[in-house]
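One-letter residues, chain by chain:
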Amino acid sequence: MMKTIYSRAPVRIGLIGGGTDLSEFCDHHTGHIINCTIKLYNHVYLEVIPSQSFELQMSNLTTGDYLTITDINDKNVPSFLIFISSCIKYFHSKYKINLKNKFKVVLESDIEGGSGLGGSSSMMVSIVGAFEKAFELDLSKHEIARCAFDIERIDLNIYGGSQDFYASTFGGINHMHFMKNNTVLVNKLVLDKSVLLELEASLLMYYTGIRREAKIIELEKKQILSSEKKINKMIELAELAKRSIKHLNDEKSIPIFGDLIKKSWEIKKQTSTKVTSELIEEIIEFGNKSDVYGGKISGAGSGGYGFFLMNPKNKPTLKTNLEKNLNINSFYINLDEDGLKTIII
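Only a predicted model underlies this, so the values are computations on that prediction, with no experimental measurement involved. Along every chain, residues carry numbers that run from 1 in the direction the sequence is written. For this predicted model, a pLDDT threshold of at least 70 governs which residues receive local features, and a threshold of 80 or more governs which side-chain atom pairs are given and counted, while totals over whole chains, interfaces and linings are taken from all residues. Neither water nor hydrogens contribute to the side-chain values; these are computed over all heavy atoms in the structure.

### Details of the pairing of strand β8 (residues 203–207)
Here is step 1 of the chain: Categorising residues by exposure relies on relative accessible area from a 1.4 Å probe, with only protein chains included: less than 20% of the type maximum marks a residue as buried, more than 50% marks it as exposed, and the intermediate range marks it as partly exposed. Secondary structure counts use DSSP, requiring at least four H or I residues in a row for a helix and at least two E residues in a row for a strand, with both numbered from the N terminus. Among the 5 residues in β8, 4 count as buried, and that is most of the element.
Here is step 2 of the chain: In short, DSSP must find at least two bridges between two strands for them to pair. Where β8 lies against strand β10 (residues 305–309), 5 bridges are found, and the strand directions are antiparallel. Paired with Met-205 across the bridge in β10 is Phe-307.
Here is step 3 of the chain: With 3 bridges joining them, β8 and strand β11 (residues 329–331) adopt antiparallel strand pairing. Residue pairing in the sheet places Tyr-206 in a bridge with Ser-330 of β11.

Below is the structure:
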């Protein structure tokens, strides 16, 4: 019987503590990250058609890539599409799913690559979610996130942390704890509606126009984590994330939370020479002169998307001035509270 599945997974903003989810750090110290997911998604459309043999038709509407393979071990598969074949291999090995099917998979993304919003991991979660639904595996959210982590980080050997997989799967605003052996605890913060609305109203996102290479930045972090001074900065960043939670209890504390975001950015810049750039510093300084509560680049840094937390009434003016003076496009965002969603069509 043919099945058609649609899945989507949101991307995330790293608010405070990013980088403390890297195994080189959290294998020895507990990492802490505060993040939230936003209403920008990676989408997967999956058809599973019973067949006498294996066939996989893949297309990525965002990049224009298209490929059909009949050998699951075919290595001549472009980026993102290889996420699909790797997911099938993983599920066949771990859960014994039937390969005698014709699979048609279409990917589509709301964001550019190199965004700093955890886009590749969000796509991996969406793919895992679609196949989990199709084969009725009844996995928990933790298990789905861990599958996505294993495929991208271990099987495909794409270096990075683990927060993105859990953020995209769980959705909402989360305090995540990272410990040795890739152990992750997710504390989903249940905030009053008034706080959520104020936080959402206070956020202004912008795109630097620079496609960032997370792998280069994170690999540099991997090297510098052998420095005691740098490790201490990462510990400071993790502790700041942990302390910041109490300032999300009511809307009046959001300016204080924004100030902690500002402090976290200053600490993060000391963990890698590639986190910031002249343009990024110019944008953030422009925001500071407009009396924002705080701001930073999301993700590993160096480009992609950034955000400001600010008085909502000042957002239209800053938005206009960013475009007029720096040619930087900014936009309002809505928070996602659901995480991964899958349905049978």
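### Section: the pattern of salt bridges
Here is step 1 of the chain: Throughout this description, the term salt bridge denotes a Lys or Arg side-chain nitrogen within 4 Å of a carboxyl oxygen of Asp or Glu. If you walk through the whole model with that rule in mind, you get 10 salt bridges.
Here is step 2 of the chain: Lys-193 is the partner of Glu-337 in a salt bridge, and the nearest nitrogen-oxygen pair spans 3.4 Å. In this pair, Glu-337 is assigned in the loop between β12 (335–336) and β13 (341–344) and Lys-193 in helix α6 (residues 193–202), connecting sequence segments 144 residues apart.
Here is step 3 of the chain: When its relative accessible area of 41% is taken as the criterion, Glu-337 is described as partly exposed.
Here is step 4 of the chain: Two residues, Lys-263 and Asp-259, come together in a salt bridge whose shortest N-O distance is 3.6 Å. One end of the pair, Lys-263, and the other, Asp-259, are both in helix α9 (residues 254–268), 4 residues apart, so they sit about a helical turn from each other.
Here is step 5 of the chain: The class for Lys-263 is partly exposed, based on a relative accessible area of 44%.

### Overview of the pairing of strand β5 (residues 101–109)
Here is step 1 of the chain: With burial as the criterion, only one face of β5 is covered, namely that bearing Asn-101, Phe-103, Val-105, Leu-107 and Ser-109; the residues Lys-102, Lys-104, Val-106 and Glu-108 on the opposite face remain uncovered.
Here is step 2 of the chain: Two elements, strand β2 (residues 31–50) and β5, share 9 bridges in a ladder whose sense is antiparallel. By the bridge assignment, Val-44 is partnered in β5 with Leu-107.
Here is step 3 of the chain: Summarising the sheet, strand β3 (residues 55–60) and β5 pair through 6 bridges and their orientation is parallel. Opposite Gln-57, over in β5, you have Lys-104 as the bridge partner.

### Some thoughts on the nonpolar core
Here is step 1 of the chain: Here the nonpolar core consists of buried residues drawn from Ala, Val, Leu, Ile, Met, Phe, Trp, Tyr and Cys, with membership extended through side-chain atoms lying within 4.5 Å. Core analysis: the largest hydrophobic core is formed by 52 residues, its most contacted members being Ile-84, Ile-88, Ile-127 and Phe-131.
Here is step 2 of the chain: Counting residues per element, this core draws most heavily on helix α3 (residues 119–134), which supplies 8 residues.
Here is step 3 of the chain: Note on definitions: a residue-residue contact is assigned when non-hydrogen atoms from the two residues lie within 4.5 Å. Ignoring any residue separated from it by four or fewer positions in sequence, one finds Phe-131 in contact with Leu-46, Ile-84, Cys-87, Ile-88, Phe-91, Phe-103 and Val-105.
Here is step 4 of the chain: Listed in part, the 33 residues of the second largest apolar core include Ile-111, Leu-199, Leu-240 and Phe-257.

### Focus on the sheet that holds β10
Here is step 1 of the chain: The strand order across the open sheet formed by 4 strands is β9-β10-β8-β11, and the pairing between neighbours is antiparallel. Taken across any chain shown, the strands that pair with only one partner, and hence form the sheet edges, are β9 (294–297) and β11. The average undirected angle you get between the axes of adjacent strands in this sheet is 20°.
Here is step 2 of the chain: Interaxial angle, 0 to 180 degrees, is taken between N-to-C directions of lines fitted to C-alpha atoms, where a helix line uses only the stretch in contact. Where α6 meets the sheet, its contacts fall on β8 and β10, and the angle it forms with β8 comes to roughly 35°.
Here is step 3 of the chain: Sheet contacts for helix α11 (residues 315–326): β8, β10 and β11; angle to β8, the most-contacted strand, approximately 10°.

### Some remarks on the packing of helix α10 (residues 278–289) against α11
Here is step 1 of the chain: Between α10 and α11, the shortest axis-to-axis distance is 11 Å and the interhelical angle comes to 140°. It follows that α10 is oblique to α11 by the angle criterion. Where α10 crosses over α11, the handedness of that crossing is right-handed. Contacts from Glu-282, Ile-283, Phe-286 and Gly-287 of α10 reach α11 at Leu-318, Asn-321, Leu-322, Asn-325 and Leu-326. Roughly parallel refers to an angle under 35 degrees, roughly antiparallel to one over 145, roughly perpendicular to one between 65 and 115, and oblique to any angle outside these ranges. Each crossing gets its handedness from the near helix: less than a right angle anticlockwise from the far helix is left-handed, clockwise is right-handed.

### Overview of unusual backbone geometry
Here is step 1 of the chain: Even without glycine at this site, Phe-80 takes up a positive phi of about 75°.
Here is step 2 of the chain: Note that Phe-80 resides in the loop between β4 (65–69) and α2 (81–95).
Here is step 3 of the chain: Owing to a relative accessible area of 21%, Phe-80 belongs among the partly exposed residues under this scheme.
Here is step 4 of the chain: Even without being glycine, Lys-96 reaches a positive phi, approximately 60°.

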